[in-house]
Amino acid sequence: WVNEEHRGGTAAIKLLRAFEQWAEDKGAAVVSLSDLVIDGATPAGRLFERLGYTVVERSHCKKVN
């Protein structure tokens, strides 16, 4: 999560790269990220795709009461 006042700069990319490095250091072969999509693409989703991530799953929710 990147607070709104820090969005638009390099904070999100630095955080994401640190996460990727941590995962690689721990021996991970793959990392997975998710962002909440209500209506269409999100800024986070567009960033993930620009950095080489691929959408592999969609989730659906329904309120039951």
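Details of the structure are given in the entry above.
As the structure is a prediction and not an experimental result, all values here were calculated from the model.

*Asks:* Help me out: how do you make sense of the overall build of the chain in this one?
*Replies:* Counting secondary structure elements, the chain contains two helices and zero strands. Against the globule reference of 11 Å for 65 residues, the chain gives a C-alpha radius of gyration of 14 Å, more extended than a compact globule. Its C-alpha atoms give the chain principal-axis dimensions of roughly 45 × 30 × 20 Å. Here the chain holds 65 residues, and the buried ones make up 14% of them. Accessible area for the chain stands at about 6,100 Å²; split by element, carbon and sulfur atoms hold 54% of it.

*Asks:* Is there a simple way to explain the pattern of salt bridges in this structure?
*Replies:* Pairs can form between side chains of opposite charge once their charged atoms are near each other. Within the structure shown, the criterion is met by one salt bridge. The salt bridge partner of glutamate 20 is arginine 17, with a shortest N-O separation of 3.0 Å. Taken together, the residues glutamate 20 and arginine 17, both in helix 1 (residues 11-25) and three residues apart, mark about one turn of the helix.

What counts and what doesn't
- Residues numbered from 1 in each chain as written.
- Predicted model: local features only at pLDDT ≥ 70, side-chain atom pairs only at ≥ 80, totals over all residues.
- Heavy atoms only, no water.
- Helix = DSSP H or I, 4+ residues; strand = E, 2+ residues; numbered from the N terminus.
- Rg over C-alpha atoms; globule rule 2.2 N^0.38 Å.
- Buried < 20%, exposed > 50% of the residue type's maximum accessible area, 1.4 Å probe, protein only.
- Areas by Shrake-Rupley, 256 points an atom, 1.4 Å probe, with all protein chains shown as cover.
- Salt bridge = Lys/Arg side-chain N within 4 Å of Asp/Glu carboxyl O.

These values are about where atoms sit, not about what they do.
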